[in-house]
Amino acid sequence: MKRYEQHVSGTRTGSARRGAVAAAVAGGLLLAGCSGGTPDASHNGSSNKVPVRPAPAAPYSGPAASANPGGAAEDSSGNGDSGGDAKKRDQAAPGYLSTFALDVDTASYGYARRTLTGGALPAPDTVRPEEFVNSFRQDYPQPEGDGFSVTTDGARIDGAGTESTDGGGPDGGGGWALLRVGLATRSAQSAGRAPAAMTFVVDVSGSMAEPGRLDLVKQALGSSIDSLRPEDSLAIVTFSGEARVDLPMTRLGAVESRGRIHSIVDGLEPRDETNLAAGVQAGYDEAVKAARPGVTNRVVLLSDGLANSGDTTAAAILDRVGAARRDHGVTLFGVGVGSQYGDKLMEQLADKGDGHTSYVSEPEAARKLFTEQLPANVDLRARDAKAQVAFDPRTVGAYRLIGFEDRAVADDDFRNDAVDGGEVGPGHTVTALYSVRLKAGASGHVATATVRWLDPSTRAPHERSGTVEASALTSPLWTAASKRLQVDAVAAYFADWLHHRLPSARLPGAPGIPALAEHASTLAGSTEDPAVRDLSQAVSQARRLTG
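Keep in mind it's a predicted model, so treat the numbers as computed, not measured.

Reading the values: the criteria
Residues numbered from 1 in each chain as written. Predicted model: local features only at pLDDT ≥ 70, side-chain atom pairs only at ≥ 80, totals over all residues. Heavy atoms only, no water. Helix = DSSP H or I, 4+ residues; strand = E, 2+ residues; numbered from the N terminus. Contact = heavy atoms within 4.5 Å. Areas by Shrake-Rupley, 256 points an atom, 1.4 Å probe, with all protein chains shown as cover. Salt bridge = Lys/Arg side-chain N within 4 Å of Asp/Glu carboxyl O. Buried < 20%, exposed > 50% of the residue type's maximum accessible area, 1.4 Å probe, protein only. 1 Å grid on protein atoms, 1.4 Å probe; cavity = no way out; pocket = protein on both sides within 12 Å on 5 of 7 lines; lining within 4 Å. Points joined across faces, edges and corners; volume = space filled by probe spheres on them. Core = buried A, V, L, I, M, F, W, Y, C linked by side-chain atoms within 4.5 Å. Phe/Tyr/Trp six-rings, centres within 6.5 Å; stacked < 30°, edge-to-face > 60°. Pairing = 2+ DSSP bridges. Polar contact = N/O pair within 3.5 Å; in protein donor to acceptor, adjacent residues only side chain to side chain. pLDDT = per-residue confidence, 0-100.

### Observations regarding the overall build of the protein chain
Per the secondary structure count, the protein chain includes 15 helices and 19 strands. Long-range contacts, defined as pairs at least 24 residues apart, comprise 85% of the intrachain contacts of the protein chain with a sequence gap of at least 6. Counting only carbon and sulfur atoms, one obtains 49% of the accessible surface of the protein chain, whose full area is about 19,600 Å².

Structure follows, in structure tokens:
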């Protein structure tokens, strides 16, 4: 397969051409998000509080960079990329803009960990690297109000111990760096959010009888009932061969309502086949009935995503989700369970429903998701959020992507508010990682990153930008970069290793699995973060499985 290297041209690409190569332009990006944290003193970029337009690439009078990405042998073993996603990313095209919708999914990483624990490598097409990075907390400073802060930093990628390194290109460059764009929203407040109407759509099909599926869902639902507020409302829709409303929308402050809801949840039992379309239809019907001004309306789908009866086509289900989002503002939160998991359909549903997905396989993770993260994220900080990174062709020779193909946006649509972006809640961070090859002797401006979003209440547009200089990309990644940047790098390189089984297709400077396991182990000890220890364990499991 071809290397998916994005070269930077010295001339501005026309609007029509930019739209045609949107997927390739967005191919310079890894995007991910997770819960927010405290400010990280190591950030090297800047954050502008006033809305500004992203700085265009500076004028360049020299020759354009060559768009010759080179090539590698096609993988015929079936272990490399499948389908057209790799080919879409592998197109080399001139350009300096990378535009994408924000997303905070984490399901891919959770499912990969479950699969590795079961003694197998995850299928490459279930691995989305941005969701691996999305699963770890960051330490970006938070903004004072709604919207985002913008933080930029990075580090030099050393070649020692790598499986795939790229030398100099025709523009005289040769050094690769990892550039990070970090976006953060303000954490949830203890009071002040709008009431919520939550419709839980629960899969009770026969496949949910497997340990770790319906039993886990029932535990999580029970926790959620007690964590929501009296002014919130809750409905329960179940589905197997058909769908039914077990609990119409009920305000939690009503007399004895919580006890009644607990009884319904405790009585859920697996039935027969999986008519996911019927469940989604009934759930959204119930949510639309409850739609009213000033109330946050969300559907929470709990399923293994394995539709096998009724209308099993994604298009029919997605149409219903998209219409409810567009007409009534209903958003979707997907929670995946089970050793066999319909990952792709759940991701598509969340994207169409302006929501996100998580995957749980352990009781403690499910409890935390439903008692801490879900109640905190009922509210929104930003609607239709998009980011655009403008690279400077005087200093950047090429940049390369890790994941996030499904969220590419045409460059000309960055400020088109009719084009869907991502919905981001309180206390989230979104991290965009780029492998960037600087030109020889490069100094000064490297890139400007801008995030645009709509106010959740007024839908007024806002923007914020940050810049990064070449001097921020000179320190070696594994010995001088901040711990959180190193964790992001391990997560990204690990996902890239799982997704691309051929070394020639992997990111420049990516460590081999033995070196990656050592980096992960060191970080697990130095950060004392249980999530990083889990990552280290997952990398070690993958190493053992491959000998």
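### A closer look at the pattern of salt bridges
Across all of its chains, the model carries 21 salt bridges by this definition. Its salt-bridge partner being Arg 137, residue Asp 139 comes within 2.6 Å of it at the nearest N-O pair. Between Glu 286 and Lys 289 there is a salt bridge; the shortest N-O distance is 3.8 Å. Taken together, the residues span about one helical turn, with Glu 286 and Lys 289 both in helix H8 (residues 276–289) at a distance of three residues. Among the residues examined, Lys 289 registers a relative accessible area of 66% and is labelled exposed.

### As for unusual backbone geometry
Even without being a glycine, Asp 384 presents a positive backbone phi close to 45°. By secondary structure assignment, the location of Asp 384 is in strand S13 (residues 382–391). A positive phi angle is found at Glu 528, which is not glycine, with a value near 50°. Judged by its relative accessible area of 63%, Glu 528 falls in the exposed class.

### Describing the layout of surface pockets
Unfilled space is identified by rolling a water-sized probe across the atoms. The computed volume of the second largest pocket comes to approximately 430 Å³. As for the second largest pocket, its lining consists of 19 residues, and the residues nearest its centre are Gly 294, Val 295, Thr 296, Arg 383 and Pro 456.

### Structural notes on the nonpolar core
Side chains of a nonpolar character, in soluble globular proteins, are inclined to be buried together. Core analysis: the biggest nonpolar cluster contains 41 residues, and Phe 132, Leu 477, Tyr 493, Phe 494, Leu 535 and Val 539 have the highest contact counts within it. Elements that contribute at least two residues to this core include exactly helix H4 (107–117), helix H5 (129–133), strand S6 (175–184), helix H12 (477–480), helix H13 (483–499), helix H14 (513–527) and helix H15 (530–545). In terms of residue count, the dominant contributor to this core is H13 (11 residues). Ignoring sequence-local partners within four residues, the contact set of Tyr 493 consists of Ile 157, Leu 178, Leu 477, Trp 478, Leu 507, Pro 508, Ala 510, Pro 511 and Leu 516. Within the second largest apolar cluster, 35 residues are counted, among which are Phe 100, Ala 387, Tyr 399 and Ala 470.

### Quick word on the packing of aromatic side chains
Here the structure, examined in full by the defined rule, presents 10 aromatic pairs. Ring centres of Phe 391 and Tyr 434 lie 5.0 Å apart, and the angle between their planes is 75°; on these two criteria the pair is classed as edge-to-face. In this pair, Phe 391 is assigned in strand S13 and Tyr 434 in strand S16 (residues 428–438), connecting sequence segments 43 residues apart.

### Quick look at the pairing of strand S12 (residues 356–359)
Every second residue of S12 is oriented toward a common face, with His 356 and Ser 358 on one face and Thr 357 and Tyr 359 on the other, all of them buried. In terms of strand pairing, strand S11 (residues 331–336) meets S12 through four bridges, oriented parallel. What sits directly across from Gly 334, in S12, is Thr 357.

### So, the side chain of Asp 232
Along the chain, Asp 232 falls in the loop between helix H6 (214–227) and strand S8 (233–239). For Asp 232, a relative accessible area of 0% puts it in the buried group. Separated by 2.9 Å, the side chain of Asp 232 and the backbone nitrogen of Ala 196 make a polar contact. If near-sequence neighbours (up to four positions away) are discounted, Asp 232 is found in contact with Arg 193, Pro 195, Ala 196, Thr 250, Arg 251 and Leu 252.

### A few points about the confidence of the model for the protein chain
Confidence along the protein chain averages 77 in pLDDT terms, with 76% of residues attaining 70 or more. Here residues 9–94 is a poorly scored stretch, pLDDT under 50, and it has 229 contacts once near neighbours within four places are set aside; other chains count. For residues 160–173, every residue scores under 50 in pLDDT, and the model assigns this stretch 44 contacts once sequence neighbours within four places are set aside.

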